[in-house]
Amino acid sequence: MRPPRVLTIAGSDSGGGAGIQADLKAMLANGVHGMSVLTAITAQNSLGVQGAWELPEEQVRVQFRSVVDDIGVDAVKTGMLASASMVRVVASLLRTLPPDVPVVVDPVSVSKHGDALLAPDAMDAVRAEIVPLATVLTPNLTELGPVSGIELATVEDRELAAKALLAAGATWVLVKGGHDVGTASVDVLHGQGVRRVYSASRADNRHTHGTGCTLASTVASYLARGYDVPSAVGAAKEYVTGAIAAGFALGEGIGPVDHAWRFRGSTS
């Protein structure tokens, strides 16, 4: 029997901690076959992003059709989309998928080190073109304001932003709390008439490169395996919490989470 098929549409991280590389590791660790469409290539390591180059639109289109038309997909995850024009290209491709294929959208705008991964004028395109296609949208607190178009001055504003994104067409919105303060990392899943909280103790570990990519890819993996959205998010939260706890030093800066923590049998 073949495993479920999950496609990531995102940028490459040459350091292997985030992007396409993190997506494929997370997919393998969570029981699915990962496939990829690269939108951009970065020169990236534990210290930051030294360069980024968007791929030609035709290359992106051909990669997508090559995979989808022959192999097929059971779920899709999107990550770094780089520019407004690339957002529109990816949106047009996603619209060709069968309506029952779930799409997990990670609205990536900056790297772990604060380097821009999305052109300043592209977030409006994400809101207009990609958000309405999202089965699950996974903004962190840095991305939530820009993607919703709401300034986040209070905790209540987060709720308003999530509701605005639901109104814009996202089926579910997972507001990630990793950038918040406190001893717990609290994520809140919003749906029509549903609000569910997922909480985990914070690990005393600064090596957290790739957390957002990993979470979104894991959610997509469990959706491809037939889980409903709240259950997929719960399974992904558990996996990512363990991966963060087992994150390791690599290079001179921020190391990656450990996608293989379950296989190593330890989170220390």
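Quantities reported herein were computed from a predicted structural model and do not represent experimental measurements.

Some details on the pairing of strand 1 (residues 5-13)
For step 1, the next point in the chain: Among the nine residues of strand 1, nine are classified as buried, and the element is accordingly described as predominantly covered.
For step 2, the next point in the chain: The pairing of strand 1 with strand 2 (residues 33-45) spans nine bridges and is classified as parallel. By the bridge assignment, Val 6 is partnered in strand 2 with Gly 34.
For step 3, the next point in the chain: Once the chain exits strand 1 it traverses helix 1 (residues 19-29) before rejoining the sheet at strand 2, and the crossover so formed is right-handed.
For step 4, the next point in the chain: Bridging between strand 1 and strand 4 (residues 75-78) involves four bridges; their strand directions are parallel. Opposite Ile 9, over in strand 4, you have Thr 78 as the bridge partner.

Focus on the packing of aromatic side chains
For step 1, the next point in the chain: Scanning the entire structure with this criterion turns up two aromatic pairs.
For step 2, the next point in the chain: Both rings, one in Tyr 222 and one in Tyr 227, keep their centres 4.8 Å apart while their planes meet at 70°; by these two values the pair is edge-to-face.
For step 3, the next point in the chain: On the basis of relative accessible area, Tyr 222 is assigned to the buried category, the value being 7%.

Details of the pairing of strand 9 (residues 194-201)
For step 1, the next point in the chain: As judged from the eight bridges shared by strand 8 (residues 184-191) and strand 9, these two strands associate in the antiparallel manner. Bridge pairing in strand 9 places Leu 189 opposite Arg 196.
For step 2, the next point in the chain: Once strand 8 ends, the chain turns through two residues before running back antiparallel as strand 9, passing Gly 193 with a positive phi of about 75°.

Quick look at the nonpolar core
For step 1, the next point in the chain: With 43 residues, the main nonpolar core has Leu 7, Ile 9, Val 76 and Ile 130 as its most contacted residues.
For step 2, the next point in the chain: For this core, the leading source of residues is helix 3 (residues 84-94), giving eight residues.
For step 3, the next point in the chain: Apart from the residues lying within four places of it in its own chain, the contact partners of Ile 9 are Val 37, Thr 39, Phe 64, Val 76, Lys 77, Thr 78, Gly 79, Leu 81, Val 90 and Leu 94.
For step 4, the next point in the chain: In terms of nonpolar packing, the next biggest core, distinct from the first, is built from 30 residues, Ala 75, Leu 189, Ala 232 and Ala 243 among them.

Some words on the sheet that holds strand 7 (residues 172-175)
For step 1, the next point in the chain: Strand order in the open sheet made by the nine strands is 3-2-1-4-5-6-7-8-9, with mixed pairing throughout. Unpaired on one side and paired on the other, strand 3 (48-54) and strand 9 mark the two borders of the sheet.
For step 2, the next point in the chain: Note that strand 4 and strand 5 (residues 103-105) share three bridges and pair parallel. Looking at strand 5, one finds that Val 76 is bridged to Val 103.
For step 3, the next point in the chain: Packing against the sheet, helix 3 makes contact with strand 1, strand 2, strand 3, strand 4 and strand 5, and its axis sits at approximately 175° to strand 4.
For step 4, the next point in the chain: Packed onto the sheet, helix 8 (residues 229-245) meets strand 6 (136-137), strand 7, strand 8 and strand 9 and runs at close to 15° relative to strand 9.

Digging into the layout of surface pockets
By rolling a water-sized probe across the atoms, one finds the places where empty space is left.
For step 1, the next point in the chain: Each pocket or cavity is described by its volume, and for the second largest pocket that value is around 190 Å³.
For step 2, the next point in the chain: Surrounding the second largest pocket, 15 residues form its lining, Val 155, Arg 158, Asp 180, Val 186 and Val 188 being those nearest its centre.
For step 3, the next point in the chain: Looking at the lining of the second largest pocket, the elements that each hand over two or more residues are helix 6 (155-167) and strand 8.
For step 4, the next point in the chain: Here the element with the most residues in the lining of the second largest pocket is strand 8; it accounts for four residues.
For step 5, the next point in the chain: Residue classes in the lining of the second largest pocket are distributed as seven nonpolar, two polar and six charged.

Regarding empty space enclosed by the protein
For step 1, the next point in the chain: Applying the stated rule across the entire model yields one cavity of 30 Å³ or more.
For step 2, the next point in the chain: By volume, the largest cavity is sized at about 40 Å³.
For step 3, the next point in the chain: Taken together, Gly 79, Leu 81, Val 105, Asp 106, Pro 107, Val 108, Leu 118 and Val 126 make up the lining of the largest cavity.
For step 4, the next point in the chain: Taken together, the residues of the lining of the largest cavity break down into six nonpolar, one polar and one charged.

Remarks on helix 4 (residues 123-130)
For step 1, the next point in the chain: Among all positions in helix 4, only Met 123, Ala 125, Val 126 and Ile 130 are buried. When helix 4 is viewed along its axis, its buried side chains cluster within an angular range of 150° and face the same direction.
For step 2, the next point in the chain: On its buried face, helix 4 is in contact with helix 3, strand 5 and helix 5 (141-148).

Focus on the packing of helix 5 against helix 6
For step 1, the next point in the chain: Where helix 5 meets helix 6, the closest approach of the two axes is 9 Å, and the angle between their N-to-C directions is 55°. As the angle between them shows, helix 5 and helix 6 are arranged oblique. Where helix 5 crosses over helix 6, the two elements pack in a sense that is left-handed. Along its contact with helix 5, which presents Leu 141, Leu 144, Val 147 and Ser 148, the element helix 6 presents Arg 158, Ala 161 and Leu 165.
For step 2, the next point in the chain: In terms of residue class, the contact of helix 5 with helix 6 is built from five nonpolar, one polar and one charged.

What counts and how
- Residues numbered from 1 in each chain as written.
- Predicted model: local features only at pLDDT ≥ 70, side-chain atom pairs only at ≥ 80, totals over all residues.
- Heavy atoms only, no water.
- Buried < 20%, exposed > 50% of the residue type's maximum accessible area, 1.4 Å probe, protein only.
- Helix = DSSP H or I, 4+ residues; strand = E, 2+ residues; numbered from the N terminus.
- Pairing = 2+ DSSP bridges.
- Right-handed = clockwise from strand over helix to strand, strands pointing away.
- Phe/Tyr/Trp six-rings, centres within 6.5 Å; stacked < 30°, edge-to-face > 60°.
- Core = buried A, V, L, I, M, F, W, Y, C linked by side-chain atoms within 4.5 Å.
- Contact = heavy atoms within 4.5 Å.
- Axes fitted to C-alpha atoms, helices over the stretch in contact; angles between N-to-C directions.
- 1 Å grid on protein atoms, 1.4 Å probe; cavity = no way out; pocket = protein on both sides within 12 Å on 5 of 7 lines; lining within 4 Å.
- Points joined across faces, edges and corners; volume = space filled by probe spheres on them.
- Nonpolar A, V, L, I, M, F, W, Y, C, P; charged D, E, K, R; others polar.
- Arc of directions from axis to C-beta.
- Parallel < 35°, antiparallel > 145°, perpendicular 65-115°, else oblique.
- Left-handed = near helix turned anticlockwise from the far one by under 90°.

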